[in-house]
Amino acid sequence: MTRLLDIRNASRRFGGVLAVNDVTAHVDEGELVGLIGPNGAGKTTLFNLISGFTPLSSGTVAFGGRPLAGLTTNQVARLGMSRTFQNLRVFPNMTVFDNVSVGAVGALPQGALGALFGGLSESGRQRSADISRRTWEALEAVGLTQVAGELAANLPYGQRKYLEIARALAMKPRFLILDEPAAGLNDTETRDLAAFIKRLHGQGLTVMLVEHDMTLVMGICQRILVLASGRKIADGTPDAIRNDPAVLEAYLGVDA
Ligand SMILES: Nc1ncnc2c1ncn2[C@@H]1O[C@H](COP(=O)(O)OP(=O)(O)OP(=O)(O)O)[C@@H](O)[C@H]1O
């Protein structure tokens, strides 16, 4: 199997807090991996280290064999890694279509300025067509084509979550990182989301997700990494994780 993400001895310190402490982990091409851990375990910080939003204090992260140190978030995204956020980052006063096209623009080499000023040339027109095609494909994938012209603010919360996923998909990633995709969703919505993530994975996308909803994580992930107090304490199949004494102790605060 091809190693897609390779995290070696990654640490991140915020003042006196070692939010991520010497974590070594990997994700292979084609995997669907969950990242779990109690509140404050360092999950979001690890995601931020992987996707270039937070620099490492020490250690390395490589994606597709390429070290990510010093790359901007846009450069990391262009290598084929896109992500969603725990707190939705949707632009409420933009249409659904425009929100998603931001992802499509970010994925193309010229960046946003090229998209704005390149419009009159042949290559500019080609580029606009690419952005539009990617945007419609992503909207189609999440089932939001019917509301493409609506303001994002008018969408119900559940659909705004899919809007954020569509923006990530518009970048045509190899690797999709989802930060708490089920937060705020009801049981039916969570089940639909689980089926949707499985479908994306079935289409060949490598996926990693942070999630507190254990039914979702245990139900769809092939492998689960567990963090507690910044350290990786387990890495295994859902069955192995369910029965791991260190995991039970971290969650329940008791010796299992
Ligand atoms: N920018 C920051 N500045 C200072 N401390 C931070 C910062 N980001 C995270 N921390 C601290 O690092 C630790 C890990 O936080 P992180 O948000 O990564 O955990 P988490 O596992 O994602 O938690 P949750 O499940 O509650 O979202 C916490 O103690 C947190 O307070």
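Scroll up a little and you will see the structure.
Residues numbered from 1 in each chain as written. Predicted model: local features only at pLDDT ≥ 70, side-chain atom pairs only at ≥ 80, totals over all residues.

**Notes on the nonpolar core**
Argument step 1. With 67 residues, the main nonpolar core has Ala-166 and Val-226 as its most contacted residues.
Argument step 2. Shared between two domains, this core holds at least three residues of each, these being domain 1 (28–80 + 173–256) and domain 2 (90–159).
Argument step 3. Aside from chain neighbours lying at most four places away, what touches Ala-166 is Val-100, Ala-138, Leu-139, Ala-141, Val-142 and Leu-144. (Core = buried A, V, L, I, M, F, W, Y, C linked by C-beta atoms within 7 Å. Buried ≥ 20, exposed ≤ 12 C-beta atoms within 10 Å, placed from the backbone. Domains from an automatic or database assignment. Contact = placed C-beta atoms within 7 Å.)

**Quick look at the environment of Leu-176**
Argument step 1. Structurally, Leu-176 can be placed in strand S7 (residues 175–179).
Argument step 2. For the pair Leu-176 and Gly-230, spaced 54 residues apart in sequence, the C-alpha to C-alpha distance is 22 Å. (Helix = DSSP H or I, 4+ residues; strand = E, 2+ residues; numbered from the N terminus.)

**Considerations on the pairing of strand S3 (residues 32–36)**
Argument step 1. The element S3 is extensively covered by neighbouring structure, given that five of its five residues are classed as buried.
Argument step 2. Side-chain alternation along S3 places Leu-32, Gly-34 and Ile-36 on one buried face and Val-33 and Leu-35 on a second face that is also buried.
Argument step 3. Direction of pairing for S3 relative to strand S8 (residues 206–210): parallel, over a ladder of four bridges. Across the sheet, residue Leu-35 finds its bridge partner in S8, namely Val-210. (Pairing = 2+ DSSP bridges.)

**Some thoughts on the sheet that holds strand S5 (residues 66–67)**
Argument step 1. With respect to topology, four strands assemble into an open sheet ordered S2-S1-S4-S5, the strand pairing being antiparallel. Two strands lie at the open edges of the sheet, namely strand S2 (17–28) and S5, each paired on one side alone.
Argument step 2. Of the pairings in the sheet, the one linking strand S4 (residues 58–63) to S5 comprises two bridges and is antiparallel in character. Counterpart to Ala-62 in the pairing with S5 is Pro-67.

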